[in-house]
Amino acid sequence: MSVSLGELAVRFGCELRGDPDARVEHVATLARAGPTALAFLANPKYRRELGETRAGVVVVDTAGAEASPRPVLIAANPYATYARIAAVLHPAPAFAAGVHPTAWIAPLAQVAVSAYVGAHASIGEGARIGARAVIGPGCVVEDGAEIADDVRLAARVVVARGTRIGARTIIQPGAVIGSDGFGFAPERGAWIKVPQVGRVVIGADVEIGANTTIDRGAIEDTVIEDGVKLDNQIQIGHNVRIGAHTAMAACVGVSGSVTIGKRCQIGGAVGIVGHLTICDDVAVTGLTMVNHSITTPGVYSSGLPAIPAHDWRRAVARLHRLDRMAGRLASLEKQLGKEQDD
Amino acid sequence: MSVSLGELAVRFGCELRGDPDARVEHVATLARAGPTALAFLANPKYRRELGETRAGVVVVDTAGAEASPRPVLIAANPYATYARIAAVLHPAPAFAAGVHPTAWIAPLAQVAVSAYVGAHASIGEGARIGARAVIGPGCVVEDGAEIADDVRLAARVVVARGTRIGARTIIQPGAVIGSDGFGFAPERGAWIKVPQVGRVVIGADVEIGANTTIDRGAIEDTVIEDGVKLDNQIQIGHNVRIGAHTAMAACVGVSGSVTIGKRCQIGGAVGIVGHLTICDDVAVTGLTMVNHSITTPGVYSSGLPAIPAHDWRRAVARLHRLDRMAGRLASLEKQLGKEQDD
Amino acid sequence: MSVSLGELAVRFGCELRGDPDARVEHVATLARAGPTALAFLANPKYRRELGETRAGVVVVDTAGAEASPRPVLIAANPYATYARIAAVLHPAPAFAAGVHPTAWIAPLAQVAVSAYVGAHASIGEGARIGARAVIGPGCVVEDGAEIADDVRLAARVVVARGTRIGARTIIQPGAVIGSDGFGFAPERGAWIKVPQVGRVVIGADVEIGANTTIDRGAIEDTVIEDGVKLDNQIQIGHNVRIGAHTAMAACVGVSGSVTIGKRCQIGGAVGIVGHLTICDDVAVTGLTMVNHSITTPGVYSSGLPAIPAHDWRRAVARLHRLDRMAGRLASLEKQLGKEQDD
């Protein structure tokens, strides 16, 4: 795929400084780019590499433009513009409409003629696959699931019975959508399974990562709103609702019946305790435990940074003796006639 | 599915206050229930919703019965009774006995005539599938595995060679049972693979969550006893033994050769270090690290609650300076002739 | 499989104390071994079991040899020698060369005649499968992927388009290699997908655990060097590089663009923040958060050990009041004319 700089400038509304007839064929990093490559500068940390790049063109903001020895495409949001150009230079793999000879389509399933169903995929009774949808190899779409237009399921995705998936949503390999939630009633030292009768309802323009799992609702539905982005190996419990455009990094665990607002950013391996509510525009840093509802937008943390193990062991020992230290401090205060309540 | 309140009262041993000929068709939450729905009250937190519910009938305990404006079924354990009634109103999907045309059964495998084997599932040489077992689409049951009566494997479950699975056990999509354990012998800066020759042996009435992984034993077996419930994305290392009726929330990691007692409750994302023993009736709260054996029943924790990031950074800095603070405290005590050992 | 002690001594360069014609058939633990079993002693903790073992032969070091009531094979590194002998007594399942009738091979894929492709596996256009490679049931090898000689993919592994896998590498069930990285450009409160155009390149003699996920590079490649061992349910973000012979326990999360050195040992459920560099020969203990680069070899920690929940709640409360305590300490010092800066 080869595009002229002039065409890119017009198509993506950038100011071009350079030869409009020069062409680029692929993307590259500033450090590795050659004359046929398009690069970008979004993170000032890479400013030095800009000065040395051999890229055919660089997508930059106004400030970056001054510093570039090479042709530039000037954009208000260089990273977003880069993303759109990269999708032109490196289009997602195309799939010819049709059903692979090894796939299985149940008699009463409805598969759009423009959809693709890959090798060893199966589409259950009454399931609906929308126009131009791509169902990858080894996917299982169970009875009554509805997959909207332009959805892409990569390899080996499970979409359990009754799940709804909105337009243009992308699901990475190995994800499981609609597994039973973890619902058991204790009785005389054992557990009785509580039927999980809700569904999973996923909005449009969502992305779900590899081997991520989303449980169906216990009674009502688990809901993932439009534009949510979930990384790999995330666990979403039953009855959870995630607000539009919230993003979660990998390995997050969200317990049952949690409600998360819109535009939140949840760091990697965060754990969220059940039945909490997190308001819009909350950021949680990695490895934090959220065990109470959050009602004020802002950044929240509880992750501990690594230090040398020997120092860490001492700090932990002190932490476990803090009560004792507080007591000693109080007795000194008393002796000095300086009592305080703690 | 429609059932009369009278029939439910008799079948589940509840006292009915209401018209025995009234019928319900499905379950619902107290808040959303209409006259054809059965709801329940187990968590007092939802008591207010009970007062306003429009449910056809509510499963409650004696206390709840007084507060309900609607017909009630009175049970000693409303949640357990609800679970059983829900299974009547919403039976698990039924599967006609037989083997899907796209499935593969090895010549020497034994599949009960009453079992179901789904699309693109494969059953290995010498494997045995019990009566009424359901092997979901895309499942792989390897050579010599034994799956007892009434087991349900959802889609894309892997049951590795030689694994044993007990009666009525349910395994959610994407789970892997019997992968090689993480065994490597260090030698001159590299690693030699240690063959993993044990099996995984799973009891009866176990449930295993989506994308959970259980490693086969290194020499002897990894054992999951009867009635254990494991949520999604749990990792169980080789040679682990989990006692009967223990439940684990999602994302727990159990290292190799750990022994966990009966009726334990392990919170989400707990990590358990290798070669430890945890006694019966232990509860561990979420995001806790267990790095020593536990010999006394009770509740154990080490998870840190989220606070605003700015405050958290100060607390961490203080924690890393605790030694210094302790020294200052000691010197004051000395000055005041009040020395103590810490 | 039955082997004489003499043959083992010669083949693995051990000193034998015992009858060279005696034979063993399988491995066992010291505690359970009978006369036809080979056991080993590597961990001194099991020394007592050595004194009571009934094993046919025990692999030990010189010290262990004295303490053994049974025949011994003396090795410098008993665990490594045990590993090699166990591979003889318990060889990995053999697969006859060929393609299973239910597998799908794309017209332009190249599969070595000595390779095995299992039930319901699919090999994409232009993919290459090396000599004696084993592609397990339900695996998906996408277009253009290259799998070297003697690689073993267990059941249901996904190898996404363009991935390279080196010789003798073993991948456990459910692993996903080459999923899209988590790359999104923020724009007006929503996210634009950034095409992930790099590959995953995996070296030789690597092992990758069950349901582990490795994302393809955003622009350049994600690289796993020779001899790396990754346990189950690990997440490796895009553009990560892991140095040769580094080992990671289960549930580790490595964020994007992290570079990890050679011979590192990363404990279970460690989280590594993005864009960091960790030098060679670093060990990180379990449940630690690494949020800054590490430039000195050594052991690093931040995991908190479990204690009774009641004591833990008090310690956390104190931790959150440390600032206050520090202030009280400072004011005492002032009163005593003993001011210090903290």
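To be clear, the structure that these remarks concern was listed above.
Residues numbered from 1 in each chain as written. Chains lettered and ligands numbered in written order. Predicted model: local features only at pLDDT ≥ 70, side-chain atom pairs only at ≥ 80, totals over all residues. Heavy atoms only, no water.

*Asks:* An account of the packing of aromatic side chains is requested, with residue identities and associated values reported.
*Replies:* Enumeration over the complete set of coordinates arrives at 12 aromatic pairs over all chains. Centre to centre, the rings of Phe182(B) and Phe184(B) are 5.1 Å apart; their planes meet at 75°, and the pair counts as edge-to-face. Taking the relative accessible area as the measure of exposure, Phe184(B) reaches 9% and is therefore buried. Cluster of aromatic residues (ring-pair linked, three or more members): Phe40(A), Tyr79(A) and Tyr82(A). (Phe/Tyr/Trp six-rings, centres within 6.5 Å; stacked < 30°, edge-to-face > 60°. Buried < 20%, exposed > 50% of the residue type's maximum accessible area, 1.4 Å probe, protein only.)

*Asks:* Describe in detail the pairing of strand β22 (residues 184-187) of chain A, supporting the description with residues and values.
*Replies:* Residues and elements named next belong to chain A. Pairing geometry for β22 and strand β23 (residues 190-193), over 4 bridges, is antiparallel. Counted as the bridge partner of alanine 185 is isoleucine 192 from β23. Hairpin connection, β22 to β23: the antiparallel pair is bridged by 2 residues, and arginine 188 has positive phi, about 50°. (Pairing = 2+ DSSP bridges. Helix = DSSP H or I, 4+ residues; strand = E, 2+ residues; numbered from the N terminus.)

*Asks:* How would you summarise empty space enclosed by the protein if you had to cite specific residues and measurements?
*Replies:* With a probe scaled to a water molecule rolled over the atoms, the places where space remains empty come into view. For the structure on display, the rule yields 4 cavities of 30 Å³ or more. What the largest cavity holds in volume is close to 130 Å³. Taken together, 18 residues line the largest cavity, and the ones lying closest to its centre are Gly138(A), His120(B), Gly138(B), His120(C) and Gly138(C). Across the lining of the largest cavity, the residue classes tally to 7 nonpolar, 8 polar and 3 charged. (1 Å grid on protein atoms, 1.4 Å probe; cavity = no way out; pocket = protein on both sides within 12 Å on 5 of 7 lines; lining within 4 Å. Points joined across faces, edges and corners; volume = space filled by probe spheres on them. Nonpolar A, V, L, I, M, F, W, Y, C, P; charged D, E, K, R; others polar.)

*Asks:* Mind laying out the relation of the copies chain B and chain A, listing which residues take part and the relevant values?
*Replies:* When chain B is fitted onto chain A, the two copies agree to an RMSD of 0.1 Å after a turn of 120° and an axial shift of 0.0 Å. Read as a symmetry element, the transformation amounts to a three-fold axis. Among all C-alpha atoms of chain B, that of His120(B) lies closest to the rotation axis, at 3.7 Å. (Least-squares fit on C-alpha atoms with pLDDT ≥ 70 in both.)

*Asks:* So what about the interface of chain B and chain A? Which residues, and what values?
*Replies:* Many descriptions give the size of an interface as the accessible area lost when the pieces come together. With 71 residues of chain B in contact, the opposing surface of chain A contributes 71 residues. Of the roughly 6000 Å² buried between chain B and chain A on both sides combined, carbon and sulfur atoms contribute 63%. In this assembly, chain B and chain A are joined by 6 salt bridges. In this assembly, chain B and chain A are joined by 27 residue pairs in polar contact (both at pLDDT 80 or more). Of all the secondary structure elements, the ones that give two or more residues to the side of chain B that touches chain A are α4 (78-89), β28 (229-230), β31 (247-248), β40 (307-308), α5 (309-320) and α6 (322-335) of chain B. Broken down by element, the residue count for the side of chain B that touches chain A peaks at 8 residues, all from α6(B). Tallied by class, the residues present in the side of chain B that touches chain A amount to 41 nonpolar, 17 polar and 13 charged. Two strands pair when backbone bridges link them, and strand β39 (residues 298-301) of chain A and β40(B) are joined in this way by 2 bridges, in the antiparallel orientation. Note on β40(B): the bridge partner recorded for Ser301(A) is Ile307(B). (Contact = heavy atoms within 4.5 Å. Buried area = accessible area lost by both parts, 1.4 Å probe. Salt bridge = Lys/Arg side-chain N within 4 Å of Asp/Glu carboxyl O. Polar contact = N/O pair within 3.5 Å; in protein donor to acceptor, adjacent residues only side chain to side chain.)

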